[in-house]
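Okay, here's what each chain looks like letter by letter:
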Amino acid sequence: MAVRVPLWHHYLQAIRSRGATRAQDHQRAENVLFTVLERVHTLDPRFLVDYSRDLEAFQFALRSSEDPLDMEVPLWVDTEALLLEELEAAEAGAGPPTFRLGVPREGAGLERWMADDVFSISSEGSAHCCGHIVPRKVLRVLKDLLVAAVVYCKHQNVISPGALSVDSLREEDLRLRLLVSGGWRTIRFNVVPVVRRKHRLPALEGAQRTPGFPEGSLRRILSQEVALVPASAQHWRISTDHLLPRLLSALGSLQGHHLDSLSILDRVNHERWRDSGQSPGLTFGHLKMVLLWASVLFPRPEDWAELQGAVYRLLVVLLCCLATRNLPHFLHPEWNLLQDAGLDLHVLCQHVEHFASQPEVSLRIHVTHLGRSPPPRIDNGVKALLQLPASDPSHWATAYFDVLLDKVGAASRGGFGQTQGHTWGDRALVCLQFHVFNIQDTDRISAMQSIFRKTKTLGGEDS
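What comes next concerns the included structure. This is a predicted model, so every value here is computed, not measured.

A word on helix H7 (residues 258-273). With 16 residues, H7 should reach 22 Å at 1.5 Å per residue; the first-to-last C-alpha distance of 21 Å fits that figure. Following H7 by one or two positions, Asp275 has its phi on the positive side, about 55°.

Here it is in structure tokens:
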């Protein structure tokens, strides 16, 4: 134990040692992009610059992966005056609803958005709507403005040569991709036009009562505006992605290893499961959603007091999502983020199982850490247990994941599962061996015991 426990902290320290540099690189790249967007605004005041991105550098420092970052460009429009026309719902779980943004016939102050370059006249003869703001047209205007702004900034020596590349800009995309130099690092940005407005979302109202977050934080965060972003050439969709960094920041204000566990899992995912970003796989966005769910399912401070135990709390949630092929969006649980993602979930599940069984293999950061590795030990009983939420959604609860954590932890090398020689009925504390699951809530222990009795037949005696 004296060797293995520090290894987790040694791995975390290696990640943290790069955090300040990553944040500085992000800030430099963002400043270059702000300079270009300021010129875009000068050329066309309909496109605004959003400087309220203080949490983006914080989030970038947490991660090792190099997935593109979104840069939202708000449209200068009276959003409450626009008509939000929801289309027929898509297949259940496929994602957010889509809308058309209508301009009312009597709308004052919307003339700039009735120009041919962003507007299409309605052919439906509506008494209330004269036409629609079209995402494809907005993207085309924004793309041309970005090109003109980059040329101007380079010509005026406002940005240095090679600081930004527009070669990847394609107007058929729903995001305009730019490569921006942040010093030693080139960062990919997706520039996205957004329309921000107040919009009632019942799922968000329910999320405000979620445990595991600082009191009042969810209510403050979720009271902010939602964003409408391009969903297709003609339609817009609801996006709450800009709220997620604020949720991470709220978790970071709590004591414990919430954000550390995310950083470790993202590093393992990037280096091991995605071959340093060369292979398709889970994104930081997927893992961020796993942390948000894990924080709710494991709501007590003692759940996050020990680093290894914190990582395993994310692992059991991730394993369950991969096994059931469903990762619910935290703010919109009806959306499945794994649906149509084009990922080989079977291979991903094998990667995660292997890490859960032999974490030290991935945590080795120097050849001196090499040693003999036992085979993975996650048995068929655990695999059967992982499938339960697919057939009975009521298992998506703390008691089920407590049991799953105990079983997966027991399978890991030097594990932290049930102490040998004891049973669930004859101990007051659960999973004592490494004190990573030192839960003393009697109601929670009782709920765990109830789930355990229902599931103990899975996999026979080994479960």
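A rise of 1.5 Å per residue sets the reference length of helix H8 (residues 284-297), with its 14 residues, at 20 Å; its end C-alpha atoms lie 20 Å apart and thus fit the reference within 8%. Most of H8 is tucked away: 13 of the 14 residues are buried.

This brings us to the pattern of salt bridges. Overall, the coordinates contain 19 salt bridges when judged by the stated rule. For Arg16, the salt bridge is made with Asp260, and the minimal N-O distance between the two is 2.8 Å. Of the two residues, Arg16 is situated in helix H1 (residues 4-43) and Asp260 in helix H7; the sequence distance between them amounts to 244 residues. By relative accessible area, which is 47% here, Arg16 ends up partly exposed. Assessed through its relative accessible area of 12%, Asp260 is described here as buried. Between Glu66 and Arg22 there is a salt bridge, with its nearest N and O atoms 3.2 Å apart.

Inspection of the secondary structure assignment puts Thr324 in helix H9 (residues 307-324). Taking the C-alpha atoms as reference points, Thr324 and Leu345, 21 residues apart in sequence, are found 9.6 Å from one another. Discounting residues that sit within four places of it in the chain, Thr324 has contacts with Leu386, Gln387, Pro389 and Ala390. A polar side-chain atom of Thr324 sits 3.5 Å from the main-chain carbonyl oxygen of Cys321.

This part covers the nonpolar core. By size, the foremost hydrophobic cluster in this structure holds 75 residues, and its most contacted members are Val317 and Leu404. Looking at this core, the element that brings in the most residues is H9, giving 14 residues. When sequence neighbours within four positions are dropped, the list of residues in contact with Leu404 reads Val316, Cys320, Val382, Leu385 and Leu386. Counting 49 residues, the second-largest nonpolar core is a separate cluster that includes Phe60, Val103, Trp113 and Leu139.

By the alternation rule, side chains of strand S10 (residues 236-239) split into Trp236 and Ile238 and Arg237 and Ser239, which are all buried. Bridge analysis of strand S3 (residues 98-104) against S10 gives two bridges, and the strand direction is antiparallel. Paired with Thr98 across the two strands is Arg237, which belongs to S10. Inspection of the sheet shows strand S9 (residues 226-230) paired to S10 by four bridges, in the antiparallel sense. Pairing of Val229 across the sheet is with Arg237, part of S10. Connecting the antiparallel pair S9 and S10 is a turn made up of five residues.

Calculation rules
Residues numbered from 1 in each chain as written. Predicted model: local features only at pLDDT ≥ 70, side-chain atom pairs only at ≥ 80, totals over all residues. Heavy atoms only, no water. Helix = DSSP H or I, 4+ residues; strand = E, 2+ residues; numbered from the N terminus. Expected span 1.5 Å × (residues − 1). Buried < 20%, exposed > 50% of the residue type's maximum accessible area, 1.4 Å probe, protein only. Salt bridge = Lys/Arg side-chain N within 4 Å of Asp/Glu carboxyl O. Contact = heavy atoms within 4.5 Å. Polar contact = N/O pair within 3.5 Å; in protein donor to acceptor, adjacent residues only side chain to side chain. Core = buried A, V, L, I, M, F, W, Y, C linked by side-chain atoms within 4.5 Å. Pairing = 2+ DSSP bridges.

These figures come from the coordinates and say nothing about function on their own.
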